[in-house]
Structure formats: structure tokens, C-alpha cells
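# A structural walkthrough
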Amino acid sequence: MSPTLIAILSALAGLVIGALIMFPIAVNYRKRVAEKEISSAEEEAKRIINESIKNAESKQREMLLEAKEEIHKNRSEAEKELKERRSDVQKQERRLQQKEENLDKKTEAIEKKEESLNKKLANADALNQEVKDIKASQLKMLEKISGFTVEEAKEYIIKNVEAEVRHETAMKIMEIETQLKEESDQRAREIIATAIQRCAADHAAETTVSVVPLPNDEMKGRIIGREGRNIRSIETLTGVDLIIDDTPEAITLSGFDPVRREIARLTLEKLIADGRIHPTRIEEMYEKSRREVEHTIKSEGERATFETGIHGLHGELVKLLGRQKYRTSYGQNVLNHSIEVAHIAGLMAAELGEDVTLAKRAGLLHDLGKAVDHEMEGSHVSIGVELARKYKESPQVIHAIEAHHGDVEAKTVIACLVQAADAISAARPGARRENLENYIKRLEKLEEITGSFPGVDKSYAIQAGREVRIMVKPEEVTEDSMILLARDIAKKLEDELEYPGQIKVNIIRETKAVDYAK
């Protein structure tokens, strides 16, 4: 072992020994220091606790004082509020007491008034009974003086009042009617006269037969053909009856469809001009004539729209207007009638400041249904309305078509103008024919209705049924009641009789006084 190592080991051993010696000394020192620190900390803790206790006691005293002050303050406020409420309650009690006293006083006053009213009612009942007794005695006295009972007197007064009121009513009605008639008739005459004067039209009664002239009577046999084959072929194709009689150099075509009759007439004329008459040729000429008539129908429809100045009509409506050329109504050509109605309605619309174009359009289309009324079910009015709606006409035009015969009430001025124009055109002298049997029935019905009224002695239909003269019994019908009787008769005629234009009701009352000077 080297000396250095020995030295090192010796040093280390010395250090270990020294550490062992010093350790107990250090431990004792640390213990003493720790005990001093603990004792000082305990003293500090005691001091802090004592100070905290003192502070807590002082805080407690302060809080108790504050609580006492707050309680005292709240108590004083509560006492004050209680005093105020007691004061309010006392005031309300005094008011209620005063009100009760006032109610008692009013109740006493009402009771007194009620007693007074009861006394007055008793007096009034007594007076009323006295008045009734006096009235009864006076009535008895009046009945004795006048010789009438109460019911008889009432009836007598009612009759007198009724007669006076009836007289005044009749006079007032006559006065108002006279004034209104004068004004309206004058204005209507001016408008209608102006329209008629500015719209001149020819009238030729149309028939349901057509006559085809022949170059000679030999042509009749050729038209009939062998065993009648030619005439059967013509009648089958055209739907028209051929009447071949003793009339020299003429054949009559009879049929209710004017279009078919016109096609048949053209077919016959072409066959006669050609000279070759056999079934095949008949069919060729029939097709050619049919195309010509269709072309004429279109041309006539365009002519009607051009003549009336109506534009924008649907193409089918134009064709339907053209078909009216071959339609008649009581012998009056429907197309000419429609054109005339359009002109008259337009002229009257101009006089009244209404839409002239709309009036003309409605007048031109008002009888549209007559162009197809043989082919569709329903009246020409309903058919015309349906067609106008189908081809998008305006509601005003549709309403005018629907109302032109009074099927519905006319609600526009245009509809009224179309009604008037239609009546004017149809009522022109010679414009229409009427079946004799229907004419006689209408006159008989007119006289029957007017003769059914009480007080009527005789009645006579004159002026082709446009006026009726009524003779009344003078002892039954007074002058005042004549006015009311005329109104009642006119109203009944409007309700029960169909007639063109208007009927004048003329009542005649005649009284005579006859004596002889001797």
C-alpha cells in the first residue's frame, strides 16, 4: 500500500469521525432553535386570537346598534303608515255614512213621489172612465142624430176617403204619365225617326219556293228522265222537291231550306243550259253549284261586315252571316234584316252617345242562330248565344243576342237598342208576312183578354191588332177608374199575349142625356 493512499484513507477516517462527533451537536442546536420558534409562533397565535375576539365583539356591538336603529326606524314608519290608513278608513266611513243618510233622504222623497203618482193615476183613471162615459154618450147621441151606427159611419168615411184617394191617385198617375210620355215619346220619336230616315231599306217578301224557267215544255220530260231516274237523282242530291205541273215552261222547286233550294236551282239551270241530263252529269253540276253557293255565302258574309263596318269577326261567323242570305223569317230576308238592325242600332247609339261599333256588331249578330236553327236544337236565341260564346264574342254582344227577344231582362243600353232596332226592322210595313190563322187567333185573343175585365161592354181590335178600342159601361166605370183600367189591361196584354210592336189601349166611356121638347 502506498503512502498516498494511506494518507487519503486517514483523511477520510478523520472526516467520518469528525462528522460523527459534530452530528449530535448540530441536532441539539436545531432542536433548541425549533423550540424557540414554536414558542414564539404560539405567542403570536394567541395574540392574533385575542385581537380577533376583541374585533368580533366590537363588530357585534356595532351590528346590534345598527339593527336596533333599523328596527326603530321601521317601527316608526309602520306606525306612521298605520296612522294614515286609519285616517283614510275614518274618512271613508264618514263618506259612507253621509251617502247612507242621502240615500235615506232620497228613498223618503221617492216614496212621497210614488204616493203622489198613485194619487194622480187614480185621478187619471177616474178621468179616463169619465171621458169614456162621455164619449159613449156622445156616440149614442151622434148615432141618434145621424142615423148611422159606428160601423156604418166608418164604412161611409172609408168610402169617401177611398174615392178621394182614388181620384187623386188617378189624376196624379195621369199627370205623371202624360208628362213622361210627352218627354220620352218626343225623344224616342226623334231618335227612331232619325235612324229610320238615315237607313232606307227595300222590302221584298221571300217565299219557300223557286221557279226555274224552261226553254220549252219538252225539257220537262228530259228532266224527269226515263222512268223518273233524273228527277229522283236531283231530289235525292239536293233534298228539294221538284213540282212539274201544267205550268207552261216552268218547274217549281219546293223546300224549306233555302240553301238547298238555291243549289237545286243553280243545278237545274246549268243542266238546262248544258242540255246533257243524266245522273252522272247531275252529280257534276250539283257539286259545281254547291261550291258556287258556298262561295256566295262567304262573299255575302264579307259584304255584310263591310257594309256595316264590322271588323275582326271570326271566319266561321262570317260564313254564318252569309248563310242568312238564304234564310227568311216571316218572308223577310234574315241577312238584310240583320244588316238593317245593325245600321238602326248604330244610328240610335250615335244619337245617345253610346258605342256605335258595339251596337252595330250586336245588331248584325243578333239573329246568328237562325243560320243553323234547322241543324241544332233550341231556339235561335239560345243557338246564337252559344255560337257567340264559342267564337269569343264580348259579353255585351252575347247579352244583346240573349235579350233581343226578351228571354232575359236587358241590362245594358246596347241590348235595349238592339231590341228596338229589331222591332223597327220587323215592324216596317211589308217587311214580314204573318200566317192568317195566327193573325186571326191573335186578334181573337186580344178581344177576349180586353173583354174579360169588369165594366167592359165591348172591345174591338183595329189597325191589324195594333190598337184595341174598349167600350165601357158608364154606370160601372167612372172617369177616374178609366185610367187605372187602361193600365191593368195593358199590363195583362203584356203578360199574356205575344205581338209585334205595341198595342194602343183606347177606352171609351159615353154618357147620354135625352129629353124631348113638346
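Below is a summary of the structure that appears in this document. (Residues numbered from 1 in each chain as written. Predicted model: local features only at pLDDT ≥ 70, side-chain atom pairs only at ≥ 80, totals over all residues. Heavy atoms only, no water.)

## A short note on the pattern of salt bridges
The tally for this structure, following the rule as stated, stands at 19 salt bridges. Taking the shortest distance from any N to any O, the salt bridge between Arg290 and Glu294 comes out at 2.8 Å. With Arg290 and Glu294 both in helix α6 (residues 279-308) and four residues apart, the pair spans about one turn of that helix. Overall, Glu294 belongs to the partly exposed group, its relative accessible area being 44%. Overlapping salt bridges bring together Asp274, Arg276, Arg281 and Glu284 as one network. (Salt bridge = Lys/Arg side-chain N within 4 Å of Asp/Glu carboxyl O. Helix = DSSP H or I, 4+ residues; strand = E, 2+ residues; numbered from the N terminus. Buried < 20%, exposed > 50% of the residue type's maximum accessible area, 1.4 Å probe, protein only.)

## A short note on the packing of helix α9 (residues 356-365) against helix α11 (residues 395-403)
In a packed pair of helices, the relevant descriptors are the angle between the two axes and the axis-to-axis distance. Axis separation between α9 and α11 bottoms out at 9 Å; the angle between their running directions is 45 degrees. The orientation of α9 with respect to α11, classified from their angle, is oblique. Two packed elements cross with a definite hand, and for α9 against α11 that hand is right-handed. On α11, the residues touching Leu358, Arg361, Ala362 and Leu365 of α9 are Gln396, Val397, Ala400 and Ile401. Classifying every residue of the contact of α9 with α11 by side-chain character gives six nonpolar, one polar and one charged. (Axes fitted to C-alpha atoms, helices over the stretch in contact; angles between N-to-C directions. Parallel < 35°, antiparallel > 145°, perpendicular 65-115°, else oblique. Left-handed = near helix turned anticlockwise from the far one by under 90°. Contact = heavy atoms within 4.5 Å. Nonpolar A, V, L, I, M, F, W, Y, C, P; charged D, E, K, R; others polar.)

## Details of the sheet that holds strand β6 (residues 456-462)
Within the open sheet, the three strands sit side by side as β6-β7-β8. Their pairing is mixed. Two strands close off the open sheet at either side, each with one partner strand: β6 and β8 (504-509). Recorded for the sheet is a direction-independent mean angle of 20 degrees between the axes of neighbouring strands. Here strand β7 (residues 467-472) runs beside β8; their pairing, made up of six bridges, is parallel. Residue pairing across strands places Met471 opposite Ile508, the latter belonging to β8. Most of the contacts of helix α14 (residues 479-496) go to β8, to which it runs at about 150 degrees, and overall it touches β7 and β8. (Pairing = 2+ DSSP bridges.)

Limitation: the analysis is restricted to geometry and does not speak to function.
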